[in-house]
Amino acid sequence: MKYFSLLLLFTAISFSGFTQNKDAILGKWINSTGEAHVEIAKKGDKYFGKIVWLKETKDDKGIVKTDLKNPDAGLKSRPILGLEILKDFVFAGSKWTDGTIYDPKSGKTYSCNMTLKDNGQLNMRGYVGISLIGRSEVWKRVK
């Protein structure tokens, strides 16, 4: 009975460790170019991210940067600052999958997976179709 109780205790502790891990990406991250900070938050069981800081909020004419490359004409006037670029990620084992990432520089949306590396950096993999055809970049946590 004593061993069974210990087994239950260790099982409960290991499950609580996994629960904490799924929210490890919450917070602010700086993209690989250093041009933007993205805050990742949770809505229900899904993860989303929006741009909360830009290195340059205005273009060279002093006009606030907007989503000019968006294929939807109705969205071209929305500001880049505050734009939700990460959508619908779910935690699956050791990574966040089934989400999308929007690139305001190109106006394109890609499938995306995120993985938290051992050094605390966030590996982003955007792709079209299958994950092998895509691009990776590494984001660092904002301190």
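So, here's what we can say about the structure. Just so it is clear, the structure is predicted and the values come from calculations on it, not from any experiment. (Residues numbered from 1 in each chain as written. Predicted model: local features only at pLDDT ≥ 70, side-chain atom pairs only at ≥ 80, totals over all residues. Heavy atoms only, no water.)

As summarised here, the arrangement of the eight strands in space is β1-β2-β3-β4-β5-β6-β7-β8, forming a closed barrel in which the pairing is antiparallel. Strand-to-strand twist in this sheet, taken as the mean axis angle between neighbours without regard to direction, amounts to 30°. Sheet topology places strand β4 (residues 84-92) next to strand β5 (residues 95-103); five bridges connect them, and they run antiparallel. From the neighbouring strand, K87 faces β5, where its bridge partner is T100. (Pairing = 2+ DSSP bridges. Helix = DSSP H or I, 4+ residues; strand = E, 2+ residues; numbered from the N terminus. Axes fitted to C-alpha atoms, helices over the stretch in contact; angles between N-to-C directions.)

Here we come to the nonpolar core. By size, the foremost hydrophobic cluster in this structure holds 21 residues, and its most contacted members are I40, I85, L86, M114, L122, M124 and W139. When residues of this core are traced back to their parent elements, those giving at least two are β2 (36-43), β3 (46-54), β4, β5, β6 (108-116) and β7 (122-127). Residue contacts for L122: discarding those within four places in its chain leaves I25, W29, I40, M114, T115, L116, E137, V138 and W139. (Core = buried A, V, L, I, M, F, W, Y, C linked by side-chain atoms within 4.5 Å. Buried < 20%, exposed > 50% of the residue type's maximum accessible area, 1.4 Å probe, protein only. Contact = heavy atoms within 4.5 Å.)

Volume-wise, the largest pocket comes out at about 830 Å³. Taken together, 34 residues form the lining of the largest pocket, with N31, E35, D103, P104 and K105 sitting closest to its centre. Of all elements in the fold, only β2, β3, β5, β6, β7 and β8 (134-141) reach the threshold of two or more residues within the lining of the largest pocket. Along the lines of polarity and charge, the residues of the lining of the largest pocket split into 17 nonpolar, seven polar and ten charged. (1 Å grid on protein atoms, 1.4 Å probe; cavity = no way out; pocket = protein on both sides within 12 Å on 5 of 7 lines; lining within 4 Å. Points joined across faces, edges and corners; volume = space filled by probe spheres on them. Nonpolar A, V, L, I, M, F, W, Y, C, P; charged D, E, K, R; others polar.)

Successive side chains on a regular strand alternate, one facing one side of the sheet and the next facing the other. In this sheet, β2 lies alongside strand β1 (residues 27-30) in antiparallel orientation, the contact comprising four bridges. By the bridge assignment for β2, G27 is matched with I40. Between β1 and β2, which pair antiparallel in sequence order, lie five residues; one of them, G34, sits at a positive phi of approximately 80°. Of the strand pairs in this sheet, β2 and β3 are connected by eight bridges, and their pairing is antiparallel. Within β3, the residue paired with K43 across the bridge is K46.

Right, let's talk about the packing of aromatic side chains for a bit. Following the criterion strictly, the structure yields one aromatic pair and no others. Pairing F91 with W96 gives two aromatic rings, centres 5.0 Å apart and planes at 55°, and the pair type is tilted. Taking relative accessible area as the criterion, F91 reaches 23% and is therefore assigned partly exposed. The positively charged end of K43 is found above the aromatic ring belonging to F48, 4.5 Å away from the centroid. When the ring centre of Y102 is taken as reference, the NZ or CZ atom of R78 above it lies at 5.8 Å. (Phe/Tyr/Trp six-rings, centres within 6.5 Å; stacked < 30°, edge-to-face > 60°. Lys NZ or Arg CZ within 6 Å of the ring centre and 35° of its normal.)

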